[in-house]
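Descriptive structure summary
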Amino acid sequence: MTDATILAEREPRLPARTDPAVRPDATPDGGLTVRGLRKTLGGRDVVAGIDLDVAKGELVSLLGPSGCGKTTTLRMVAGFLPADGGVVTMGDRDVTTLGPERRPSAMVFQNYALWPHMTVTQNVAFPLRTRRVPRQQATERVREALELVGLTHHAGSKPTAISGGEQQRVALARAIVQEPDVLLLDEPLSNLDAKLRVSVRDEIRRIQQRLGITTVIVTHDQDEALSVSDRIAVMHDGRIEQIAAPAELYARPATGFVASFIGSTSVVAGRFLAATSVVPRADDAVLVRPEQVTLTDGSPVRATVVRVLMRGHFAEVVLAADGAELRAFVTGVAPAVGTETGVRIGDVLVYRDGVLVEAAR
Ligand SMILES: Nc1ncnc2c1ncn2[C@@H]1O[C@H](COP(=O)(O)OP(=O)(O)OP(=O)(O)O)[C@@H](O)[C@H]1O
Ligand SMILES: [Mg+2]
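None of these values were measured; they are calculated from a predicted model.

**Things to note about the pattern of salt bridges**
- All told, the structure shown has 16 salt bridges when counted by the stated rule.
- Of the charged contacts, one joins Arg169 and Glu203 as a salt bridge, the two residues approaching to 3.7 Å between their closest N and O atoms. Of this pair, Arg169 sits in helix α5 (residues 164-176) while Glu203 sits in helix α6 (residues 194-211), and the two are 34 residues apart along the sequence.
- For Arg271, the salt bridge identified is with Asp322, shortest N-O distance 2.8 Å. Here Arg271, found in the loop between β11 (266-267) and β12 (285-288), pairs with Asp322, found in the loop between β15 (314-321) and β16 (324-331); they are 51 residues apart in sequence, far enough to count as distant.

Structural data, given as structure tokens:
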């Protein structure tokens, strides 16, 4: 079943609510807590014990490769999928057994799930209608939400008559209009082109900060996660491997998996080890970021330039020595393929049994 059908099936059956301005389920501090969340699907532990705290007004990204359990986790947090174990708390309320309409959260689905026969205004107003918000108040809130996402001029358009980025913003407005304590977004930018991704991404962050909404964004795009998040939770096989602020995650990836998933790394091997300040054990993995590799004639460690990839204002230079390869970022004039050069290596990351044991310097 797709998210769209789940939503379409559930929404019309929402129970009547009284004026949401005095919602009985309003949470005092608006934070989100997840403890021991689990789900088994097709005989596999797809979500294998997730613990997560998101403070009020904080934006946390769930980042991980395809199939690691991100969507399943978010659906359980939103209440669209029952958990096999664990507890979800929003504010000081245990919402674990409540349906989505009873949680102080709103979810934006990857595929937007807009109703094609309704106008933009009607789409955004829908959750308020099903909750019996008085018409005048609903009209005002829809107007505010559309203004917030910059779509006032498309209020009367049908979803088919607006662009993908605009549809995405309608879906966002439809979530925001509910004034949720917790905003949950599943790959909200995945259907947009590169330029639009950046502008909608910045827009989501701006709105989220302005309204101070506790937010979880699911993504498999590390650039997206690094640029909008207060903290990033890196998922792998149904578990969170590390949760940290973007800069910390980049500088000190706790496991080899996180290091290879965030940013670019090379394995330092063979002759290149002599260019570092570490003396690793035989089975340690030594990794280096390309910006820590410098080409200098002053180094006795020699390598050959085998590839040069233009990246815009810098080039990624691939170096080889005795079968080992290393990547360096070079600004200015890149050396030609075939050139021999000296290599110096700055900070490295040393992993033993997959776990960080040393970050040099
Ligand atoms: N109903 C189901 N029955 C069996 N397996 C399922 C079911 N739903 C999901 N899975 C499996 O659970 C795993 C996690 O799925 P999930 O959709 O949470 O991944 P994801 O991290 O969101 O991936 P993506 O980045 O591709 O969206 C996948 O291997 C998927 O095939
Ligand atoms: Mg997914």
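There's plenty left to go through after this.
**Some points on the nonpolar core**
- Core analysis: the largest hydrophobic core is formed by 35 residues, its most contacted members being Val124 and Leu172.
- Considering each element in turn, this core owes the most residues, six residues, to α5.
- In terms of nonpolar packing, the next biggest core, distinct from the first, is built from 29 residues, Val34, Phe80, Val88 and Phe109 among them.

**Regarding the sheet that holds strand β18 (residues 349-352)**
- Strand order in this open sheet of four strands is β11-β12-β18-β19, and the pairing throughout is antiparallel. Edge positions in the open sheet fall to β11 and β19 (355-359), since each of these has one partner strand only.
- Judged from the three bridges that link them, β12 and β18 form a sheet pairing that is antiparallel. Along β18, the bridge assignment pairs Leu287 with Leu349.

Calculation rules
- Residues numbered from 1 in each chain as written.
- Chains lettered and ligands numbered in written order.
- Predicted model: local features only at pLDDT ≥ 70, side-chain atom pairs only at ≥ 80, totals over all residues.
- Heavy atoms only, no water.
- Salt bridge = Lys/Arg side-chain N within 4 Å of Asp/Glu carboxyl O.
- Helix = DSSP H or I, 4+ residues; strand = E, 2+ residues; numbered from the N terminus.
- Core = buried A, V, L, I, M, F, W, Y, C linked by side-chain atoms within 4.5 Å.
- Buried < 20%, exposed > 50% of the residue type's maximum accessible area, 1.4 Å probe, protein only.
- Pairing = 2+ DSSP bridges.

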